[in-house]
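# Structural characterization, general
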Amino acid sequence: DSSSTKNMKALSAIRAGGKTGTSQDKYVTTGDTEAGNSIDVINSWFVGFAPSEDPQIAISVIVLDGQSGGGKAAKIAGDLMSWYLENR
């Protein structure tokens, strides 16, 4: 999807290396009205470092119910690595 492409381009711009991932899980609701109902969730993760030729930062981001790994987790990781490299 376009957000994943945009995130990968942003990671490329800071010469980051890394791996995206997605894991499926189930959330079991609690409470008086919905207790015991199972909801499918897709978790997003990204593990990486930047810049690839001389790493200055390594990061791992997991977003529960974050959808694809190239989506929310990669964006957060890219934003944090960019900030670090610009402000160190």
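See the structure shown above.
What you see is a predicted model, and the numbers here were worked out from it, not measured in a lab. (Residues numbered from 1 in each chain as written. Predicted model: local features only at pLDDT ≥ 70, side-chain atom pairs only at ≥ 80, totals over all residues. Heavy atoms only, no water.)

This part takes up the nonpolar core. Generally speaking, nonpolar side chains in soluble globular proteins are found buried as a group. Leu11, Ile14, Phe46, Ala50, Ile57, Ile59, Val61, Val63, Ala73, Ala74, Ala77 and Met81 form the largest nonpolar core, which has 12 residues in total. If near-sequence neighbours (up to four positions away) are discounted, Ile57 is found in contact with Gly48, Phe49, Ala50, Leu80, Met81 and Tyr84. (Core = buried A, V, L, I, M, F, W, Y, C linked by side-chain atoms within 4.5 Å. Buried < 20%, exposed > 50% of the residue type's maximum accessible area, 1.4 Å probe, protein only. Contact = heavy atoms within 4.5 Å.)

As paired elements, strand S1 (residues 17-28) and strand S2 (residues 38-50) share 12 bridges and run antiparallel to each other. Bridge pairing in S2 links Tyr27 to Ile39. The turn joining S2 and strand S3 (residues 57-63), which pair antiparallel and follow one another in sequence, is formed by 6 residues. (Pairing = 2+ DSSP bridges. Helix = DSSP H or I, 4+ residues; strand = E, 2+ residues; numbered from the N terminus.)

Pairing is antiparallel across the open sheet formed by 3 strands, whose spatial order is S1-S2-S3. Taken across any chain shown, the strands that pair with only one partner, and hence form the sheet edges, are S1 and S3. Each neighbouring strand pair of the sheet contributes to a mean axis angle of 15 degrees, computed without reference to strand direction. Taken strand by strand, helix H2 (residues 72-87) contacts S1, S2 and S3, and its axis lies near 150 degrees from that of S3. (Axes fitted to C-alpha atoms, helices over the stretch in contact; angles between N-to-C directions.)

Attention now moves to the pattern of salt bridges. Counted under the stated rule, the structure contains 3 salt bridges. Of the charged contacts, one joins Asp40 and Lys26 as a salt bridge, the two residues approaching to 2.4 Å between their closest N and O atoms. Taken together, the residues span a long stretch of sequence, with Asp40 in strand S2 and Lys26 in strand S1 at a distance of 14 residues. The burial state of Asp40 is the same as that of Lys26; both residues are exposed. (Salt bridge = Lys/Arg side-chain N within 4 Å of Asp/Glu carboxyl O.)

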